[in-house]
Amino acid sequence: ELAHGDFGPSLKYRSHTVNDIIAQGLPVSLTLGLLGFCFAQALGIPLGFYTAARRGQWGDWLGSLFAIVAFCVPAFVVGPLLIMAFAIHWRLFPAALWGSPWHAVLPTIALGLYFSGRVARLMREGMLSTLHEGFITTARAKGLSETAVLVKHAFRLAVLPVVSFSGPLLADLLTGSFVVENIFHIPGIGVFLVNSSLNRDYPMVVGLVLLYAVLLVFLNLLV
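Residues numbered from 1 in each chain as written. Predicted model: local features only at pLDDT ≥ 70, side-chain atom pairs only at ≥ 80, totals over all residues. Heavy atoms only, no water.

**Here we look at the overall build of the chain**
Then step 1. When helices and strands are tallied, the chain shows ten helices and zero strands.
Then step 2. Across the chain, helices and strands are ordered from the amino to the carboxyl terminus as α-α-α-α-α-α-α-α-α-α.
Then step 3. Taking all 223 residues of the chain together, the buried fraction comes to 41%.
Then step 4. Restricting the contact set of the chain to residue pairs at least 6 apart, pairs at least 24 apart contribute 72%.
Then step 5. Carbon and sulfur atoms form 69% of the exposed surface of the chain, whose accessible area is close to 12100 Å².
Then step 6. Charged side chains of the chain number 13 positive and 10 negative; the gap between the two group centres comes to 13 Å. (Helix = DSSP H or I, 4+ residues; strand = E, 2+ residues; numbered from the N terminus. Buried < 20%, exposed > 50% of the residue type's maximum accessible area, 1.4 Å probe, protein only. Contact = heavy atoms within 4.5 Å. Areas by Shrake-Rupley, 256 points an atom, 1.4 Å probe, with all protein chains shown as cover. Lys, Arg positive; Asp, Glu negative; His and termini not counted. Charge placed at Lys NZ, Arg CZ, Asp CG, Glu CD.)

Right, here's the structure in full:
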């Protein structure tokens, strides 16, 4: 049965099979993971590009400080802070559940902020190393503007480490968001992964681990 993708019944949720639970929670986790991935890339790539272009200036120091703080503060710290500030104090967004696009704002920020710091650091290091290449010196010697050198020539090569990192990053975001899902009470597969581990629901654990492994291999090959 396992070879055919049938993981059998759950030992905790006896009226449901593992496949049923995965089919129920996976779309929610995929949506949250994709939103977190887009947020991390949309914030990290421009931030890393900007800090590299402003190396040694105030913009570089402030941007690098933000990237380090985002990388060092985990989601289980950011999530409650976002809830207290934007859901309880200012009442701008819902604090929990998954019912409308507004419910996805705070979980997306909590999930993607940590990875945006890593993306920004990779982008900055890639830009700084690329700017020392010979073809960059040649482009400047030909009289190209600094903007054209950075955008048309340096960025294309500097973004490759970020692209390589995107495979395991997306796999982590699609299936490893169980902390954020528990904080915001989102009905994804993360909740089932935690509960099955604590309750020794071995079929559920095996099914979710195999799902993560397949996603990780597929996304790495895709990248």
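Having seen the model, we can carry on.
**Regarding the side chain of serine 10**
Then step 1. Assignment of secondary structure puts serine 10 in the segment before helix H1 (18-53).
Then step 2. Here lysine 12 takes part through its backbone nitrogen, which lies 3.3 Å from a polar atom of the side chain of serine 10.
Then step 3. A polar contact is formed between the side chain of serine 10 and the side chain of aspartate 201, at a distance of 2.4 Å.
Then step 4. For serine 10, the contacting residues outside a window of four places in its chain are His16, Thr17, Val18, Ile21, Asp201 and Met204. (Polar contact = N/O pair within 3.5 Å; in protein donor to acceptor, adjacent residues only side chain to side chain.)

**So, the confidence of the model for the chain**
Predicted coordinates in regions of low pLDDT should not be interpreted in detail.
Then step 1. Per-residue pLDDT for the chain has a mean of 90; in total, 97% of the residues score no lower than 70.
Then step 2. Mean pLDDT across the elements of the chain bottoms out in helix H9 (residues 189-198) (82) and peaks in helix H4 (residues 105-130) (95). (pLDDT = per-residue confidence, 0-100.)

**Notes on unusual backbone geometry**
Then step 1. The phi dihedral of arginine 91 is positive, around 55°, even though this residue is not glycine.
Then step 2. Its place among the elements puts arginine 91 in the loop between helix H3 (75-89) and H4.
Then step 3. Assessed through its relative accessible area of 70%, arginine 91 is described here as exposed.
Then step 4. Of note in the backbone geometry, arginine 200 takes a positive phi value of approximately 55° without being a glycine.
Then step 5. Structurally, the position occupied by arginine 200 is in the loop between H9 and helix H10 (202-222).
Then step 6. Residue arginine 200 is classed as exposed on the basis of its relative accessible area, which comes to 60%.

**Notes on the environment of proline 107**
Then step 1. Inspection of the secondary structure puts proline 107 in helix H4.
Then step 2. It is 7.7 Å that separates the C-alpha atoms of proline 107 and glutamate 181, two residues lying 74 residues apart in sequence.
Then step 3. Here proline 107 is in contact with Leu32, Val180, Phe184 and Ile186, once residues within four sequence places are set aside.

**What about the packing of H1 against helix H2 (residues 58-72)?**
Then step 1. Put simply, H1 and H2 touch, their axes get as near as 8 Å, and they point 145° apart. H1 and H2 meet at a crossing whose hand is left-handed. From H1, Leu43, Leu47, Tyr50 and Thr51 reach across to H2, where they touch Gly59, Asp60, Gly63, Ser64, Phe66 and Ala67. (Axes fitted to C-alpha atoms, helices over the stretch in contact; angles between N-to-C directions. Left-handed = near helix turned anticlockwise from the far one by under 90°.)

**Re the packing of aromatic side chains**
Then step 1. Evaluation of the coordinates by the stated rule reveals seven aromatic pairs.
Then step 2. Where phenylalanine 93 meets tryptophan 102, the ring centres are 5.9 Å apart and the plane angle is 40°; that geometry is what we call tilted.
Then step 3. Take tryptophan 102: its relative accessible area is 56%, and that puts it in the exposed class.
Then step 4. Their ring planes at 80° and their centres at 5.1 Å tell us that tyrosine 114 and phenylalanine 115 sit as a pair that is edge-to-face.
Then step 5. Residue class for tyrosine 114 comes out partly exposed when judged on its relative accessible area of 26%.
Then step 6. Ring pairing ties together the aromatic residues Phe86, Trp90, Phe93 and Trp102, which thus form one cluster. (Phe/Tyr/Trp six-rings, centres within 6.5 Å; stacked < 30°, edge-to-face > 60°.)

**A closer look at a nonpolar patch on the surface**
Then step 1. A surface patch of nonpolar side chains, about 620 Å² in accessible area, is lined by Phe76, Val77, Leu81, Met84, Ile88, Phe178 and Val179.
Then step 2. Of all the secondary-structure elements, those providing two or more residues to the nonpolar patch are H3 and helix H8 (178-183).
Then step 3. The element contributing the most residues to the nonpolar patch is H3, with five residues.
Then step 4. Along the polypeptide, isoleucine 88 turns up in helix H3.
Then step 5. A residue is classified by how much of its surface remains accessible, and isoleucine 88, at 53% relative accessible area, is exposed. (Patch = residues over 30% accessible without salt bridge, like charges linked within 9 Å, V, L, I, M, F, W, Y side chains within 5 Å. Salt bridge = Lys/Arg side-chain N within 4 Å of Asp/Glu carboxyl O.)

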